[in-house]
Structures are given as C-alpha cells and as structure tokens.
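# A structural walkthrough
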Amino acid sequence: MKRNFILFAFLLTSCSSLVLINDEDFSKSHSSSSGYIMAGYEELGTPEDINKVTALFYVRSLDRPDPLIGPRQIGGPLDVLLIPAKPGRYEISDWVIFGRTQRSVSSDSPYNFEVQPGVITYVGKIQAKVERLNNKFGMKIIPSVTAVLEDHIEEDSKLLKDRFPSAAHLEIVNEAPIRHDWTGVKSKAENIVNPIIVPNQ
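Residues numbered from 1 in each chain as written. Predicted model: local features only at pLDDT ≥ 70, side-chain atom pairs only at ≥ 80, totals over all residues. Heavy atoms only, no water.

### A closer look at the overall build of the protein chain
Counting its regular elements, the protein chain contains three helices and 13 strands. A burial count over the protein chain gives 46% of its 201 residues as buried. Nonlocal contacts in the protein chain, meaning residues at least 24 apart in sequence, comprise 77% of its contacts between residues at least 6 apart. Accessible surface, the protein chain: about 10300 Å² in total, of which carbon and sulfur atoms supply 53%. (Helix = DSSP H or I, 4+ residues; strand = E, 2+ residues; numbered from the N terminus. Buried < 20%, exposed > 50% of the residue type's maximum accessible area, 1.4 Å probe, protein only. Contact = heavy atoms within 4.5 Å. Areas by Shrake-Rupley, 256 points an atom, 1.4 Å probe, with all protein chains shown as cover.)

Right, here's the structure in full:
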C-alpha cells in the first residue's frame, strides 16, 4: 500500500517520549502503576494525485490534561502503537492533517474509554482515508481525512507482541467498539507550512 508521511521537526523529536517505538523503549518506561493505550492504525486508499498527506489523531485526557506534554497522538508510519498513559478517562475526537499546509479536524461524537493501571487498554484500529473536499468554487482540491474506529484485536495483538515481546505478559483489556464513526466533522485550515518531508515507507 502506498503510504506518504509528512511530519514536523518537533514530532520527530518529542513524540518518541509519548509513543513507544520498540521493545527497548517499553523496557525503559515500564511501571506497574502506569497504564498503556494500544491502537492500530491504517491509511486506506489514498488517491494517487494526493501526495505526502497524513493524519495524527489526538488522545486527550478528560481527567488531567498536561499542558506541557499535550495530548498523545495516533498515526504516522506505525501500524500498531503503544502509548504510556496515567490511569483515567480519555477521548479521541479530533485530529490534524499534515500536507503542504496543516488542517485541524474535530468531531461532535468523541470516542471515550478508560485506562487502568498495569494493563494494556486496546481502543481499536483507526482506519483513515484521505479524500478531497470541494473548495468554495466547487473544485476538489482540499485534502481531508475521514476515519472509523473498529475492533481488530486479534490482528493488532499479534503485531504488538512481535514489536514489544517484553509486554507480552501484560493483560490486554479490549475497550474497542465494533465500529465507531466520527460524525459532525468540521475542519479548519491552519496558516502553517510544513517543510519537512519523510519519504515513502
């Protein structure tokens, strides 16, 4: 599958502390009092004429937002993500699209879940599809992303154990819906230019 990724420089440096990349990261960060969020991610059917566009979905704490770290993020080149998180309530209701410019998207139907200590909370696989929206002249030139959240725990659990063998002993609690659609979506362009390109993976 063709997958293109554009990321800000700060994502390349700061996200490594929020999303675990490999088994060594897990071993260094593991704490019995901490919880983990597990999510699958897949980009579907990007049109050939839309290049270098990706999305990052925000996981926001409903109990203790951290203004210094900000929300966790799901997306990018990893097909399964493991995110350390304090126990509590979280939601996924908005995301950002990176291309030559940046576009923020929000939904009025958040997906809510709870993280428990000492276990991995599986929230499902986000399947994101890059599409084009019409501009004010009726021309399809604005990249957009529609997404659904589905339960693929069997597939994603195998991917997780392959990447993080040291986490294999932890219980996985399935909080994934059969299917969740983010409805009432609104998007807004941001006046930011993204100059850093990560080539096709």
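### Digging into the confidence of the model for the protein chain
When the pLDDT values of the protein chain are averaged, the result is 78; 72% of them are 70 or greater. Per-element confidence in the protein chain is highest for strand 10 (residues 172–174), whose mean pLDDT is 97, and lowest for helix 1 (residues 9–14), whose mean pLDDT is 32. The low-confidence segment residues 1–17, where pLDDT is below 50, has 48 contacts with residues more than four positions distant or belonging to other chains. Here residues 192–201 is modelled with pLDDT under 50, and outside its nearest four sequence neighbours on either side it reaches 29 contacts, counting other chains as well. (pLDDT = per-residue confidence, 0-100.)

### A short note on the environment of tryptophan 182
Tracing the chain through its elements places tryptophan 182 in the loop between strand 11 (179–181) and strand 12 (186–193). By relative accessible area, which is 6% here, tryptophan 182 ends up buried. Spatially, the C-alpha atom of tryptophan 182 lies 8.9 Å from that of aspartate 94, the residues being 88 residues apart in sequence. A distance of 2.8 Å separates the side chain of tryptophan 182 from the backbone oxygen of isoleucine 92, its partner in a polar contact. (Polar contact = N/O pair within 3.5 Å; in protein donor to acceptor, adjacent residues only side chain to side chain.)

### Topic: helix 3 (residues 153–163)
Residues of helix 3 that are buried: Asp156, Ser157 and Leu160. All buried residues of helix 3 lie within an arc of 105° about the axis, which places them on one face of the element. Opposite the packed face of helix 3, turned more than 90 degrees from it, sit the exposed residues Glu154, Lys158 and Asp162. (Arc of directions from axis to C-beta.)

### What about the nonpolar core?
Ile37, Phe57, Ile74 and Phe113 are the most contacted members of the largest nonpolar core, which totals 28 residues. The set of elements that each furnish at least two residues to this core consists of strand 2 (35–44), strand 3 (54–61), strand 5 (80–85), strand 6 (88–98), strand 7 (101–115), strand 8 (120–134) and strand 9 (140–150). Membership of the second largest hydrophobic core comes to 13 residues, among which are Leu20, Val80, Leu170 and Ala176. (Core = buried A, V, L, I, M, F, W, Y, C linked by side-chain atoms within 4.5 Å.)

### What to know about the pairing of strand 6
Strand 6 sits mainly inside the fold: 10 of its 11 residues count as buried. In this structure, strand 3 lies alongside strand 6, joined through six bridges in antiparallel fashion. Looking at the pairing, leucine 56 lines up with valine 96 of strand 6. (Pairing = 2+ DSSP bridges.)

### Focus: the packing of aromatic side chains
The description of an aromatic ring pair uses the distance of the two centres, along with the angle that the planes make with each other. Under the counting rule described, the total for this entry stands at seven aromatic pairs. Ring centres 5.9 Å apart and planes at 15° place the aromatic pair tyrosine 90 and phenylalanine 113 in the stacked group. Placement of the pair is tyrosine 90 in strand 6 and phenylalanine 113 in strand 7, with a sequence separation of 23 residues. Phenylalanine 113 shares its class with tyrosine 90; the two are buried. A network of ring pairs unites the aromatic residues Tyr41, Phe57, Trp95 and Trp182 as a single cluster. (Phe/Tyr/Trp six-rings, centres within 6.5 Å; stacked < 30°, edge-to-face > 60°.)

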